[in-house]
Amino acid sequence: MKNVAVTGADGFIGSHLVEELLSRGCRVRALAQYNSFNNWGWLEEIAPREDLDVWTGDVRDPEFCRRFTEGADTVFHLAALIAIPYSYIAPDSYVDTNIKGTLNICQAAKDHGNQRVLVTSTSEVYGTARYVPIDEKHPKQPQSPYSATKIGADAIALSFHNAFDLDVTVVRPFNTYGPRQSARAIIPTIITQIASGVKEIKVGDLTPTRDFNYVTDTARGFAEIAEAPATKGLEINIATGKEVSMEEVLHTIADIMDAKVEWVTDPQRLRPSKSEVFRLLGDNSLITRLTPWRPEVSLREGLEKTIAWICRPENLSKFKPLIYNK
């Protein structure tokens, strides 16, 4: 990788991936979603740099995608709508961004002579585990409009590999957390409420289990998969192989923050019963066989780093801890 393009670079995982790629000596063209404020999201923390070229635009526009990817040898496609609760409210926008956006990037890469493309999936496509650990052959279960659109996006990407021999890899991170994550996710939601002095912490269902990746481990996984020669046409999990319940996570956060709080179930934070994914535990044997990647940051260490980052006044002020972020 020398010249890379990253969509969704202004977001949580995308901005950390940009930093990882820059650290490896890549020249990065980074896409932030167009807005009239010319705000680059979390890229504001990184730019300006001579080896970072920030563009603003929208992956829903095919001609823009063609211009954005021109000249890149590797394209990392992370741009997506990701909040599950909002997908119940506005599913059409998820179809446009997640499926059509992936189609536009794959078509652009094909038109440019079959560039290397890494398409970002999610462990949510597996739904509640039918068996554990969940390997890449596990059935896909569309338990939310969000997961349905990601299943569709993965299928579009793999169809370009099968039909046109496009050099595609579907990268499937399990639950990623860390600095810069939005309050639509449970870990920053809990941390920001405690840091703001709230004693009754509003939560959803605490029984589901998740396989949590610290964000720098996820970013490093993308880079290692991109550099591995045997990953073309594959779907590859990024997972720790360990699961923890939401309740355990919350108690760990409270312990680190030395907080005495009460957990209160908030009905609006509960998913519909058939939509809740109750167990995610990833099999990482494929990524560890094909690449040097191994998870490096333990859950407690990652939570400590995340808490320290969120509790800085300049970062905490960016959150609205008393408003539920769908």
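Structure: see above.
Residues numbered from 1 in each chain as written. Predicted model: local features only at pLDDT ≥ 70, side-chain atom pairs only at ≥ 80, totals over all residues. Heavy atoms only, no water.

Trainee: Please clarify how the overall build of the chain should be interpreted in this entry.
Mentor: Check the secondary structure of the chain and you find 11 helices and 13 strands. Expected size for 326 residues packed as a compact globule is a radius of gyration near 20 Å; at 19 Å, the chain falls within 12% of this value. Each principal axis of the C-alpha distribution contributes one length, and for the chain these read about 60 × 45 × 40 Å. Put simply, 80% of the contacts in the chain that link residues at least 6 apart link residues at least 24 apart. Roughly 14100 Å² of accessible area belongs to the chain as shown, and the carbon and sulfur atoms make up 51% of that amount. Treating the 37 positive side-chain charges of the chain as one cloud and the 42 negative ones as another, the clouds have centres 2 Å apart. (Helix = DSSP H or I, 4+ residues; strand = E, 2+ residues; numbered from the N terminus. Rg over C-alpha atoms; globule rule 2.2 N^0.38 Å. Contact = heavy atoms within 4.5 Å. Areas by Shrake-Rupley, 256 points an atom, 1.4 Å probe, with all protein chains shown as cover. Lys, Arg positive; Asp, Glu negative; His and termini not counted. Charge placed at Lys NZ, Arg CZ, Asp CG, Glu CD.)

Trainee: Would you mind showing me how to read helix α5 (residues 145-164) here?
Mentor: An α-helical turn contains 3.6 residues, so a residue and the one three or four places further along point in the same direction. Here α5 is 20 residues long and its end C-alpha atoms lie 28 Å apart, about the 28 Å a rise of 1.5 Å per residue gives. Taken together, the buried positions of α5 are Tyr 146, Ser 147, Thr 149, Lys 150, Ala 153, Asp 154, Ala 157, Leu 158, Phe 160 and His 161. On the buried face of α5, the contacting elements are α3 (84-89), α4 (91-111), β5 (116-120), β6 (168-173) and β11 (235-238). Positive phi appears at Asp 165, one or two residues downstream of α5, with a value of about 60°. (Expected span 1.5 Å × (residues − 1). Buried < 20%, exposed > 50% of the residue type's maximum accessible area, 1.4 Å probe, protein only.)

Trainee: Help me understand the layout of surface pockets, please; the structure alone is not making it clear to me.
Mentor: Looking at the second largest pocket, its volume works out to about 180 Å³. Every residue lining the second largest pocket is listed: Arg 210, Asp 211, Phe 212, Thr 240, Lys 242, Glu 243, Val 244, Pro 295, Glu 296, Val 297, Ser 298 and Leu 299. Classifying every residue of the lining of the second largest pocket gives five nonpolar, two polar and five charged. (1 Å grid on protein atoms, 1.4 Å probe; cavity = no way out; pocket = protein on both sides within 12 Å on 5 of 7 lines; lining within 4 Å. Points joined across faces, edges and corners; volume = space filled by probe spheres on them. Nonpolar A, V, L, I, M, F, W, Y, C, P; charged D, E, K, R; others polar.)

Trainee: Help me understand the nonpolar core, please; the structure alone is not making it clear to me.
Mentor: As a rule of thumb, nonpolar side chains are buried together in soluble globular proteins. Membership of the largest hydrophobic core comes to 33 residues, with the highest contact counts inside it found for Val 6, Val 18, Leu 21, Val 28 and Phe 76. If you list the elements that add at least two residues to this core, you get β1 (3-7), α1 (12-23), β2 (27-33), β3 (52-57), α7 (215-227), β11 and α9 (285-290). For Leu 21, the contacting residues outside a window of four places in its chain are Met 1, Val 4, Val 6, Cys 26, Val 28, Phe 76 and Ala 223. Counting residues in hydrophobic clusters, the runner-up holds 27 residues, among them Ile 201, Met 257, Val 297 and Ile 310. (Core = buried A, V, L, I, M, F, W, Y, C linked by side-chain atoms within 4.5 Å.)

Trainee: Explanation requested: the sheet that holds β1 in the structure shown.
Mentor: Strands in a sheet are paired, the pairing made by backbone hydrogen bonds, and the direction either parallel or antiparallel. Strand order in this open sheet of seven strands is β3-β2-β1-β4-β5-β6-β11, and the pairing throughout is parallel. Pairing within the sheet leaves two strands with one partner each, and these edge strands are β3 and β11. Geometrically, the sheet is characterised by an average inter-axis angle of 20° between neighbouring strands, direction not taken into account. Pairing geometry for β2 and β3, over six bridges, is parallel. Counterpart to Leu 31 in the pairing with β3 is Trp 55. Relative to the sheet, helix α2 (residues 62-69) contacts β1, β2, β3 and β4 (74-77), its axis offset from that of β2 by approximately 160°. (Pairing = 2+ DSSP bridges. Axes fitted to C-alpha atoms, helices over the stretch in contact; angles between N-to-C directions.)

Trainee: I tried to follow the side chain of Thr 231 on my own but got confused; where do I start?
Mentor: With respect to the helices, strands and loops of the structure, Thr 231 is situated in the loop between α7 and β11. According to the relative accessible area criterion, Thr 231 is buried, its value standing at 0%. The residues touching Thr 231, leaving out its near neighbours within four places in the chain, are Arg 116, Val 168, Thr 169, Ile 225, Ile 236 and Leu 290.

Trainee: Can you help me understand empty space enclosed by the protein in this one?
Mentor: A probe matching the size of a water molecule, rolled over the atoms, marks out where space remains unfilled. Counted according to the given criterion, the structure contains one cavity of 30 Å³ or more. When its volume is computed, the largest cavity comes out at roughly 50 Å³. Together, Ala 183, Thr 189, Thr 192, Arg 269, Lys 320, Pro 321, Ile 323, Tyr 324 and Asn 325 line the largest cavity. Of the residues belonging to the lining of the largest cavity, the class tally is four nonpolar, three polar and two charged.

Trainee: Would you explain helix α8 (residues 246-256) in this entry?
Mentor: Among the residues of α8, those classed as buried are Met 246, Val 249, Leu 250, Thr 252, Ile 253 and Ala 254. Residues of α8 that are buried in the fold lie against α6 (186-195), β8 (200-203), β9 (209-210), β12 (244-245), β13 (262-265) and α10 (299-310). The first or second residue beyond α8 is Asp 258, which carries a positive phi of 50°.

Trainee: I would appreciate a short explanation of the state of the cysteines in the present structure.
Mentor: Here a disulfide denotes one covalent bond, and it connects the sulfur atoms of two cysteines. Taken as a whole and assessed by the stated rule, the structure comprises zero disulfides. Lacking any disulfide linkage, Cys 65 is separated from the closest cysteine sulfur, that of Cys 106, by 10 Å. (Disulfide = S-S within 2.5 Å.)

Trainee: Mind showing me how you'd approach unusual backbone geometry here?
Mentor: Leaving glycine out, the prevailing phi sign among residues is negative, and the prevailing peptide bond configuration is trans. Going from Ala 47 to Pro 48, the amide bond is cis rather than trans, its omega being 0°. Summarising the element assignment, Pro 48 is placed in the loop between β2 and β3. Following Val 132, the chain continues into Pro 133 via a peptide bond in cis, with omega recorded as -10°. A positive phi angle is found at Asp 165, which is not glycine, with a value near 60°. One non-glycine residue, Arg 180, adopts positive backbone phi at about 85°. On the secondary structure map, Arg 180 appears in the loop between β7 (176-177) and α6.

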